[in-house]
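Below are the chains, spelled out letter by letter.
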Amino acid sequence: MKIACPYFNALIEIHEGVPFALIIENQPLFRQFAEDIHSQLMGGEGDTVFSISNTPVAMSKYVDLLESFAPFDINSKTMLSGISAAIEKVAVDEKHYIDTSRLIAETEKYISELGFSLPVTIECRKLNIGTAASVAVADDFENVIEKIISYMSLILDLGGKKLFITLNMRSYFSDNEIELFIGEIKRKQLYVLMLENCARRKITGSDQLIIDSDLCEF
């Protein structure tokens, strides 16, 4: 995976299992790059080009941005949408189709009966297993790093994003915790870009580019 941006000269190449730390110490450039990423994730325009196998692809389809770590909520909108879609797919397979159809019919009938006391006629529309049940991932992880890695792995298993971008993650975790994080990235063979606004000790097992306050790249 590669990221090319006209705001700086270097080409960012992210390898499987090797996180890339992009450190931008120039505040206006950091803000400009972060805003560009945000815009594209929302489906808007942007100057940064993200490519897979040298083919440009839409960030909104392939990139997930993690920017809240205190606390880190594993049940993000992306996660819950993926789980609901997976459950709905299983619900209509050959094994579960009859039970699902019966359950939906009974639920529609029950809701209609509940609506008899209202001064209007109630109709059930687009009822399915995903809308009938509120699901979430149980938050029973030993530590936050395990939770973050589990989130990334689940998103991939659900057929979701391919590249994960963390925003200023090192401001929230010790070097030992980041070493654990990098080790898990290697073990799970994940694609991760760590976007930071301040240089810290380089952790073994990661690639790195620093753009300092004077826009020098090294």
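You'll find the structure just up there.
The numbering scheme is per chain: residues are counted from 1 as the chain's sequence reads. Per-residue local features are limited, in this predicted model, to residues with pLDDT of at least 70; the limit for side-chain atom pairs, both in listing and counting, is 80 or more; totals at the level of whole chains, interfaces and linings are taken over all residues. Computation of side-chain values: all heavy atoms of the structure, hydrogens and water removed.

Q: I keep staring at the sheet that holds strand S4 (residues 49-52) and nothing clicks. Help me out?
A: Two strands in a sheet stick together by hydrogen bonds in their backbones, pointing the same way (parallel) or opposite ways (antiparallel). An order of S2-S1-S4-S5 is seen for the four strands of this open sheet, with the pairing classed as antiparallel. The open sheet has two free edges, formed respectively by strand S2 (12-13) and strand S5 (55-56), since each of these has just one partner strand. By this definition, two strands are paired if DSSP reports at least two bridges between them. Helix and strand definitions here come from DSSP, where helices need a minimum of 4 consecutive H or I residues and strands a minimum of 2 consecutive E residues; each element is numbered from the N-terminal end. In this sheet, S2 lies alongside strand S1 (residues 2-4) in antiparallel orientation, the contact comprising two bridges. Following the sheet pairing, isoleucine 3 is matched in S2 by isoleucine 12.

Q: Could you clarify how one ought to interpret the state of the cysteines in this entry?
A: Note on terminology: a disulfide is the covalent bond linking the sulfur atoms of two cysteines. Any two cysteine sulfur atoms lying within 2.5 Å of each other are counted as a disulfide. Enumeration over the complete set of coordinates arrives at zero disulfides. Free of any disulfide, cysteine 198 has its nearest neighbouring cysteine sulfur in cysteine 216, separated by 17 Å. Under the relative-accessibility criterion, cysteine 216 is labelled partly exposed at 42%. Per-residue accessibility, obtained with a 1.4 Å probe over protein chains only, is compared with the maximum for each type, and a residue is labelled buried under 20%, exposed over 50%, and partly exposed between these values.

Q: How do you make sense of the pattern of salt bridges when you look at a structure like this?
A: Close approach of charged atoms allows side chains with opposite charge to pair. A pair is scored as a salt bridge if a Lys or Arg side-chain nitrogen falls within 4 Å of a carboxyl oxygen belonging to Asp or Glu. The full count for this structure, using the stated rule, is six salt bridges. Among the salt bridges present, the one from aspartate 175 reaches arginine 170, with a minimum N-O distance of 2.7 Å. Put simply, arginine 201 and glutamate 179 hold a salt bridge, and the shortest N to O gap is 3.1 Å. With arginine 201 in the loop between strand S8 (191-196) and strand S9 (207-211) and glutamate 179 in helix H7 (residues 175-188), this pair connects stretches of sequence that are 22 residues apart. Ionic contacts of the salt-bridge type, sharing partners, join the residues Arg170, Asp175, Glu179 and Arg201 into one network.

Q: Can you help me understand the sheet that holds S9 in this one?
A: Strands sit in the order S6-S7-S8-S3-S9 across an open sheet of five strands; the sheet is parallel. Bordering the open sheet on either side are strand S6 (63-66) and S9, each of which pairs with just one other strand. With direction set aside, neighbouring strand axes in the sheet form an average angle of 15°. Where S6 lies against strand S7 (residues 163-167), four bridges are found, and the strand directions are parallel. Looking across to S7, one finds that aspartate 64 is bridged to phenylalanine 164. Contacts between helix H1 (residues 27-41) and the sheet are confined to strand S3 (20-24), S6, S7, S8 and S9, with S3 contributing the most and set at about 125° to the helix. Think of each axis as a best-fit line through the C-alpha atoms, taken over the contacting stretch in the case of a helix, with angles from 0 to 180 degrees between the N-to-C directions. It only takes one pair of heavy atoms within 4.5 Å for two residues to be counted as in contact.

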